[in-house]
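Observations on the three-dimensional arrangement
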Amino acid sequence: GHLDIMLNNAGIAITKDFMAVTPEDYDRVLGINLRGAFFGTQAAARVMIAAKRGGVILNMSSINSRMANPSVATYAISKGGLNQVTGTAAVALAPHGIRVCGIGPGTIATPMLSMGFLTNEEQRRMILSRTPAGRLGEASEVAAVAAFLASDDASYMTGQTVYPDGGRMILNYVVPVAEDA
């Protein structure tokens, strides 16, 4: 009968050379990944404010929000914008007891990964060479971060994006990858 938690998780990615991105590509990715999350946040917040119970809104970002990867430019741009939605909504909604946080996964073994970013063994090895944990993440690991952020254990967290990424964002060099990785 009420809304306590909302997760903005809809997203698409187009892998395309930076100079080949069309206005239609740009509008499609930003429409789903950014516009949808912005207005989804508003809609959830309206229900939460009316109920006067507080709540938690989680936005699914990406490490690409902070990394420049021209082959997924529109995705990266949309996720960078989503981090701003997280921060600005956190400030706007804090007086209503609504927390807003983001989750910015690294390379997670999902269908989106196998259809876009990771289509061959060379790409897989390249990604692993930049991931100190030496493996892809699992969806369950991202879900555990979401469960934590939605829980009372994270009651003093708002406006931040947490990056479950196997150490990828802190690495400024590549690491060797075993042949059987």
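The coordinates are above.
The model shown is predicted, which means the values in this text are computed figures rather than measured ones.

**What to know about the nonpolar core**
V56, L58, M60, C101, I103, I108, V142, V145, A146, L149, A150 and A154 together form the largest nonpolar core, which totals 12 residues. Counting only elements with at least two residues in this core, the list comes to β2 (55-60), β3 (98-103) and α5 (139-150). Among the elements that line this core, the one with the most residues is α5, at five residues. Among all residues touching A154, those that are not within four sequence positions of it are R99, F148 and L149. Ranked by size, the runner-up nonpolar core spans 10 residues in total, among them A45, I57, A90 and I98.

**Comments concerning the sheet that holds β3**
Within the open sheet, the four strands sit side by side as β1-β2-β3-β4. Their pairing is parallel. At either margin of the open sheet sits one strand with a lone partner, and together these are β1 (5-8) and β4 (161-162). Of the pairings in the sheet, the one linking β1 to β2 comprises four bridges and is parallel in character. Of the residues in β2, the one forming a bridge with M6 is I57.

Quick notes on the rules
Residues numbered from 1 in each chain as written. Predicted model: local features only at pLDDT ≥ 70, side-chain atom pairs only at ≥ 80, totals over all residues. Heavy atoms only, no water. Core = buried A, V, L, I, M, F, W, Y, C linked by side-chain atoms within 4.5 Å. Buried < 20%, exposed > 50% of the residue type's maximum accessible area, 1.4 Å probe, protein only. Helix = DSSP H or I, 4+ residues; strand = E, 2+ residues; numbered from the N terminus. Contact = heavy atoms within 4.5 Å. Pairing = 2+ DSSP bridges.

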